[in-house]
Amino acid sequence: MLSDKVLDTLPHEIRRRVEPYVEAVQLMTQTNNAKVLRAMAPSGIRGLILQRGKQGVPTTMPSNHRVYFDWTYPNDQPEMRELYQRAKEGQWNGDDLPWHIDVDPENPEKPIIPRHFMDYDALRARGIKLTDLEERRLNASVASWMLSQFLHGEQGALFAAAQVTEAVQFFDGKLYGSTQVVDEGRHVEVFHRYLDSKMNKLYQINDNLFVIIDALIQDSRWDVKFLGMQIMVEGLALGAFGTLYQMTGEPMLKQLLKMVIQDEARHVHYGVIALRDHIRQELSDAERREREDWAFEVALLMRNRFLSFEVYEEWFEHKLTRKEWAQFVTDSPGFALFRQVMFNRLVPNLREIGLMSDRIKPHYERAGLMKYYGGASATQLSGEQLLADLDAA
Ligand SMILES: [Fe+2]
Ligand SMILES: [Fe+2]
């Protein structure tokens, strides 16, 4: 790409300042669907260029959806009613987690993420030698970064869950949605408490996560909110929580994630039920194509862009280019596993709701994501099964 060539000719200090903007423009022009571009571009500008999530002040976003009332209170969706029952029985109190456990993020005996999460040999090959203590500290930074993004994602989930509860037409869906609002509130509570009292470090929201949240909170179409939040972001969350659950040597965090994963499995399940019939039967071909392209763009955003640039800026801004850092993170074993678990969850759900037509499959193939196509969707997997799979892996 021309802009990459131009970047390569710039002195490091100038490149460092210009590169994020070049990336933002590349990102916003990668879609071929003009409607998707129009829908995503304003969020892209707010998130990537203006960095609205990083100004240290609260953000306000207008919401444009219609609130749907039904004064007849029908029992209209048995599968959602069943999820509502399970959600009520599955409620738990964040205070009951083992908060008494002492956590030292730099303790090599009980690492939040294991040493081999990052490939330090690859960093050495680029001329960067870290001491043992520095490697442990960098690992702790990456762990704090991931947990901070979970927290920010949970805040997005809390508000999106409230919005979809208002917008959904199924009354059983509204009852179920009320439990998800409580779940997400609890997730905000426990992740924030963990970061605050155990990690002592909170990173700002990643620009790309901000773009996705901004786009779906402001979109007026209820099904796009569902798709963005209940399928894409929840899929991302399940992948990330699952990877960390598998890898962590810190018992308090493991218990916290175990509880959160069981809630999240219900959330994705709900998203699949709500969208399946709507996308397959009610949308026109053009509308379905637009959702399909939108989902693919967001999938690419999730695959390519959650690369801890906030950690890079803190640690390596003067030593590596963003491109070198992106490669280092992409190749690291921890992030590779994260992508695998995430897409293993996400792609079968897209198939289930009807957003994997023969038209889009070659795009997923080129992105290396078709290998996840045959997996189990959220409707076939309970939270307990998910955890059992993670324990067995
Ligand atoms: Fe959540
Ligand atoms: Fe959730």
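Residues numbered from 1 in each chain as written. Chains lettered and ligands numbered in written order. Predicted model: local features only at pLDDT ≥ 70, side-chain atom pairs only at ≥ 80, totals over all residues.

Student: Residues and numbers for the overall build of the protein chain, please.
Tutor: Each helix and strand in the protein chain was counted, giving 16 helices and zero strands. Taking 2.2 N^0.38 as the reference for a compact globule, 393 residues should give roughly 21 Å; the C-alpha atoms of the protein chain span a radius of gyration of 21 Å, in line with that estimate. With the C-alpha coordinates of the protein chain rotated into their principal frame, the extents come out at 65 × 55 × 40 Å. For the protein chain, long-range pairs separated by at least 24 residues make up 82% of all intrachain contacts whose partners lie at least 6 apart in sequence. (Helix = DSSP H or I, 4+ residues; strand = E, 2+ residues; numbered from the N terminus. Rg over C-alpha atoms; globule rule 2.2 N^0.38 Å. Contact = placed C-beta atoms within 7 Å.)

Student: Summarise the nonpolar core; cite the residues concerned and give the values.
Tutor: Most often, soluble globular proteins keep nonpolar side chains buried together rather than apart. Counting 106 residues, the largest nonpolar core has Ile212, Ala240, Phe241 and Ala295 as its most contacted members. Ranked by residue count, the leading element in this core is helix H9 (residues 222-247), at 15 residues. When sequence neighbours within four positions are dropped, the list of residues in contact with Ala240 reads Met146, Phe150, Phe338 and Met342. (Core = buried A, V, L, I, M, F, W, Y, C linked by C-beta atoms within 7 Å. Buried ≥ 20, exposed ≤ 12 C-beta atoms within 10 Å, placed from the backbone.)

Student: Outline the environment of Gly383, supporting the account with residue identities and numerical values.
Tutor: Here Gly383 lies in helix H16 (residues 383-392). Classification of Gly383 by C-beta neighbours within 10 Å gives buried; the count is 21. Sequence separation between Gly383 and Pro62 is 321 residues; the distance between their C-alpha atoms is 34 Å. With near-sequence residues (within four places) excluded, Gly383 lies in contact with Ile261, Gln262, Ala265 and Arg266.

Student: Which residues make up the packing of H9 against helix H14 (residues 333-353), and what values go with them?
Tutor: In the contact formed by H9 and H14, the axes pass within 8 Å of each other and the chain directions differ by 140°. By crossing handedness, the relation of H9 to H14 is classed as right-handed. Between H9 and H14, the residues in contact are Ile231, Gly235, Leu236, Leu238, Gly239, Ala240, Gly242, Thr243 and Met247 and Gly334, Leu337, Phe338, Val341, Met342, Arg345, Leu346, Asn349, Leu350 and Ile353, respectively. (Axes fitted to C-alpha atoms, helices over the stretch in contact; angles between N-to-C directions. Left-handed = near helix turned anticlockwise from the far one by under 90°.)

Student: For the packing of helix H6 (residues 132-167) against H9, give the residues involved together with the corresponding values.
Tutor: The N-to-C vectors of H6 and H9 enclose an angle of 150°; their axes lie 10 Å apart at closest approach. Our classification of the angle between H6 and H9 gives roughly antiparallel. Handedness of the crossing formed by H6 with H9: left-handed. Contact with H6, carried on its side by Met146, Phe150, Gly153, Gly156, Ala157, Ala160, Gln163, Val164 and Ala167, involves Trp222, Lys225, Phe226, Met229, Val233, Ala237, Ala240 and Leu244 of H9 and no other residues of that element. For the contact of H6 with H9, the residue count by class is 13 nonpolar, three polar and one charged. (Parallel < 35°, antiparallel > 145°, perpendicular 65-115°, else oblique. Nonpolar A, V, L, I, M, F, W, Y, C, P; charged D, E, K, R; others polar.)

Student: Go over helix H4 (residues 78-89) with me, naming the residues and quoting the values.
Tutor: Along its 12 residues, H4 runs 17 Å from first to last C-alpha, staying within 8% of the 16 Å computed at 1.5 Å per residue. Of all the residues in H4, the buried ones are Met80, Leu83, Tyr84 and Ala87. Down the axis of H4, the smallest arc covering the buried residues is 105°, so these residues share one side. Opposite the buried face of H4, by more than 90 degrees, sit the exposed residues Pro78 and Glu89. Structurally, H4 contributes buried residues whose contacts are with helix H7 (171-199) and helix H10 (251-282). (Expected span 1.5 Å × (residues − 1). Arc of directions from axis to C-beta.)

Student: Explain the environment of Phe309 residue by residue, including any values.
Tutor: As for its position among the elements, Phe309 is in helix H12 (residues 309-315). Residue classification places Phe309 among the buried residues on the basis of 21 C-beta atoms within 10 Å. Separated by 13 residues in the primary sequence, Phe309 and Arg322 have C-alpha atoms spaced 7.6 Å apart.

Student: Could you give an account of unusual backbone geometry, naming the residues involved and the relevant values?
Tutor: Only a minority of non-glycine residues have a phi that is not negative, and only a minority of peptide bonds are not trans. One non-glycine residue, Tyr73, lies in the positive phi region at around 50°. Topologically, Tyr73 is positioned in the loop between helix H3 (34-49) and H4. Assessed through the 10 C-beta atoms surrounding it within 10 Å, Tyr73 is described here as exposed. One non-glycine residue, Ser308, lies in the positive phi region at around 50°. In this fold, Ser308 is placed in the loop between helix H11 (285-305) and H12.

Student: Could you give an account of the environment of Phe170, naming the residues involved and the relevant values?
Tutor: By the secondary structure assignment, Phe170 is in the loop between H6 and H7. According to the C-beta neighbour criterion, Phe170 is buried, with 20 such atoms within 10 Å. For the pair Phe170 and Asp70, spaced 100 residues apart in sequence, the C-alpha to C-alpha distance is 8.8 Å. Setting aside anything within four residues of it in sequence, one finds Phe170 in contact with Asp76, Gln77 and Met80.

Student: Describe H14, and please don't skip the residues or the numbers.
Tutor: An α-helix turns once per 3.6 residues; consequently, residues spaced three or four apart project the same way. With 21 residues, H14 should cover 30 Å at 1.5 Å per step; its first-to-last C-alpha distance of 31 Å lies within 8% of that length. Approximately 25° is the largest bend angle found in H14, and it occurs at Phe343. A positive backbone phi angle near 90° is found at Gly354, which sits one or two residues after H14. (Bend = angle between axes of the 7 residues up to and from the residue.)

Student: Tell me about the confidence of the model for the protein chain, and please be specific about residues and values.
Tutor: Note that predicted coordinates carrying low pLDDT should not be read in detail. Averaged over every residue, the pLDDT of the protein chain is 89; residues scoring 70 or more account for 94%. Across the protein chain, H7 holds the top mean pLDDT of 97, while helix H1 (residues 2-8) sits lowest at 65. (pLDDT = per-residue confidence, 0-100.)

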